[in-house]
Structures are given as structure tokens and as C-alpha cells.
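Structural overview for review
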Amino acid sequence: MIDFLAKKVLTIDLNKKEADLKSFADLNKYLGGVALGIKLHEMYSDLNPVVLAIGPLNGFFPFASKTAVVLNDGGVIEDIYIGGSLSLRMRFAGVDAIAIFGRSDQPTVLDICNAKVDFLGEETGTDSLGLPGKRSAINFENNKILLDDYFTTPESFLEKIFTEKNIKGVVITGTEIDKPLNFDEYEKLYNEILSKKDELRVDMGIYPSCSNCPMGCGKSKIGEIGGNVLINSLVACQFADKIYTDIGVVFSCLNTLGYSYTHEDIENLPKLIEETIRRIS
Amino acid sequence: MAKILKPTQTDKCNGCELCLLESQRQLKKVGLEEALIRIFKKKRDDNQKLEMQIEIDPRINMLHVEKISKICPKDVFEVENHEEIEGKNEE
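Summary of the structure given here. (Residues numbered from 1 in each chain as written. Chains lettered and ligands numbered in written order. Predicted model: local features only at pLDDT ≥ 70, side-chain atom pairs only at ≥ 80, totals over all residues. Heavy atoms only, no water.)

1. Quick look at the overall build of chain A
If you tally the helices and strands in chain A, you get 8 helices and 13 strands. Relative to the globule expectation of 19 Å for 281 residues, the C-alpha radius of gyration of chain A, 17 Å, shows essentially globular dimensions. When the backbone C-alpha atoms are referred to their principal axes, chain A occupies close to 50 × 45 × 35 Å. By residue count, 59% of the 281 residues in chain A fall in the buried class. Counting only contacts in chain A whose residues sit at least 6 apart along the sequence, the fraction spanning at least 24 positions is 65%. Only carbon and sulfur atoms are counted for the fraction: they give 49% of the accessible area of chain A, which is about 10,700 Å². (Helix = DSSP H or I, 4+ residues; strand = E, 2+ residues; numbered from the N terminus. Rg over C-alpha atoms; globule rule 2.2 N^0.38 Å. Buried < 20%, exposed > 50% of the residue type's maximum accessible area, 1.4 Å probe, protein only. Contact = heavy atoms within 4.5 Å. Areas by Shrake-Rupley, 256 points an atom, 1.4 Å probe, with all protein chains shown as cover.)

2. Considering the packing of aromatic side chains
Geometry of an aromatic ring pair is reported as the spacing of the ring centres plus the angle between the planes. All names here are of chain A. Within this structure, the stated rule accounts for 9 aromatic pairs over all chains. Taken together, the ring pairs connect F60, F61, F92, F183, Y186 and Y190 into an aromatic cluster. We note K221 situated over the ring of Y150; from NZ or CZ to the ring centre the distance is 4.3 Å. (Phe/Tyr/Trp six-rings, centres within 6.5 Å; stacked < 30°, edge-to-face > 60°. Lys NZ or Arg CZ within 6 Å of the ring centre and 35° of its normal.)

3. As for the pattern of salt bridges
Scanning the entire structure with this criterion turns up 24 salt bridges over all chains. In this structure, A:E187 and B:K67 form a salt bridge, with 3.8 Å as the shortest nitrogen-oxygen distance. Of this pair, A:E187 sits in helix 4 (residues 183-194) while B:K67 is found in helix 2 (residues 65-71), placing the two residues in two different chains. Classification of A:E187 by relative accessible area gives buried; the value is 12%. Here the salt bridges do not stand alone but share partners, grouping A:D184, A:E187, B:E22, B:R25, B:K28 and B:K67 into one network. (Salt bridge = Lys/Arg side-chain N within 4 Å of Asp/Glu carboxyl O.)

4. Overview of helix 1 (residues 18-26) of chain B
Residues and elements named next belong to chain B. Most of helix 1 is tucked away, with 9 of its 9 residues classed as buried. Those residues of helix 1 that sit buried are L18, C19, L20, L21, E22, S23, Q24, R25 and Q26. The first or second residue beyond helix 1 is K28, which carries a positive phi of 60°.

5. A word on the packing of helix 4 of chain A against helix 7 (residues 247-257) of chain A
All names here are of chain A. It is the contact of helix 4 with helix 7, at a shortest axis distance of 9 Å, that shows an interaxial angle of 150°. It follows that helix 4 is roughly antiparallel to helix 7 by the angle criterion. Read as a crossing pair, helix 4 and helix 7 show a hand that is left-handed. In this structure, helix 4 uses E185, Y186, L189 and I193 to contact helix 7, whose residues at the interface are V249, S252, C253, T256 and L257. Residue composition of the contact of helix 4 with helix 7, by class: 6 nonpolar, 2 polar and 1 charged. (Axes fitted to C-alpha atoms, helices over the stretch in contact; angles between N-to-C directions. Parallel < 35°, antiparallel > 145°, perpendicular 65-115°, else oblique. Left-handed = near helix turned anticlockwise from the far one by under 90°. Nonpolar A, V, L, I, M, F, W, Y, C, P; charged D, E, K, R; others polar.)

Okay, here's the thing in C-alpha cells:
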């Protein structure tokens, strides 16, 4: 179930082969995605984390379909975005972010089911891990990371840090169920947003689609880098910016789910991110 | 008259899972657990697309299957009513 009062962070320590689900009430103002990812970098700066982070709408609303990957590349904090089914699986694994620390002494595959993490050897592979239909798998193929055998990220930041950390694959399975309190209102809003697909800056395509997005566009494969701070904190698709930069829509979504963010929280987000980046730079 | 949901054009499925999520919403829940539709994604040799497999629990037909069919952006499903199926069998 969503925790409206705190951000849930699954920390994974590759050195110790330990994992822990932590709840941070004081991180709620970071909303999600890039904002949460950068703050976790500040908190765990000594441990060189790679952070996967979603936003409050992922899993619940159409076009909120990306996952932010925040990492340190040679002293520069980079934020990149990957599509596919990952954000939906993370939502129903019950985590807002996964922060992976340290380096494994052996090539490792992480098998994550909700908050439970198994550290497996490379020989395991990812094909047999996770629950069919409820899992996302991240793999190396020809030195490129593929999510769900198809989706990638821009540049090679993720490949580089996974190699440094000796991570050969990650499988994430989500089995939690949520029931928004005002379900009828949620359903109505869901369908209203879905009907706005003509407002997207991509055309309907013939390619694999991100979960909760009907478009199957040609852009989803390569992921995203940079862009609007609110979109990147909600971790919606940049091509749905017309929808998710509409503050009225964003608040309707947040309120329907039960979050109590204020306009000030949203307005202060760019400043909060900027200040956090300044402190860790 | 019983309505039956059938995936007749699975090759067109783009894996968006809108059908799965719609069926879950009809059961007043959001998530993947105990979903009556499951989408399995399989790699194709050309790496340009994925091959989708759709598994449907027959209990889906107790839901509003036309709504599930309609939400699919690729028209993967057809809704047949029970009488039509019986008619086809007789032919």
C-alpha cells in the first residue's frame, strides 16, 4: 500500500549483501523521481549509490510510465529515464526508490520481490527469476543494458555504473495491491487522462509500449535525459508534458490517491533540487 | 447473454497492459496480483520488437469485457457472445 506520509526506500548494500526497506517521512517533500534520487545521493554520498526512483503517480495514471535513474558519473550527478514496465513493478513492489550501494565481490544478479532481495551468482541469469507477468528484468546484452529485452537508457551511464558495481542483472517483481480510497473518482480521472492521448507529442506507433501508455511510440526504446523538473519528479513521460505540467491535473491525481501535497510543495521543488545539487557538487 | 473476451490479434499487442489494469479496476483494485489477464513479453530475434503472449483467466468474462476490449489501443480483443459461439459450433 502507498505510504502517503513517507517515502519507502529499499537500500541494497552489495558489499555486505544486505537489504533493508527504510521509511523516510522527511523525504516526502522530494515528491519522487529526480528530486528523491538526488536527495538520496546526498544522504548516501559516501556509498556511491545508483538510485532508481519513481514518482507518486507511477502505476496509477496513464503516461506516468518512466523510472528515474540517478547516478554519479565521475563527479557529475546524471539523471536518465527508462520506460517499459519498471515503474509499475516498483510501485507494486511497494517502493518509491531503490538505492544500490557499494560493489559486489562476485558478478551478481539481484532478485527483488517487493522488499525481499536475493543476491545470486551470474550463472543464474534472469530468465528464471521473478513472477511471470509481474516482473521487470534488467540485463546486459552486447554491453548495453536492456529492460524487458527492449528498453534502454541514453548514453552509457547505467552500463558503466552497473559494471563498476559488478551487477549483471536485476529482476523486480511487484505483488502488492492498492485500493485508492475514492475509487470512483480515481477511475474517472484515469479515463479522462487516458482520453488525452492526442495531447502527447508522439504519434501512435507499432513498437512495444511502456506500461500504462497506449502509444507504442518509436521514442520509448531509447529513454530520456534531462527535461522538465516536475515531469522528472513525477517521472511521467516527457512527451506527456502538456498533461503533467498542468498543475490542476497533477493535484487532482495526487489528491485522488490521498496525498496531501500543497501548491507550495510543487512550486518549491525546483529550488529544493537546485539546493541539494549545490550541496553535493 | 454471456460475453466472452478473446485475444484474436495477439501479434498486434504492444504490451501496454491497459487491459490488465482495466480488469483490475473493475475489481476495485490497482496492481498486478491476481490479475485475470497477464501479459508475457518474449524477446524476438531482431530486438526491434517483443513478442507478447496474453493469458486470460476465464473468470474475466464475469467482468465488463467490452470495456476491457475497448481500452486496447491495438484492437487485440474481440468480444463474442455465447450464442454466437454456439452457432459457430453448430456450423
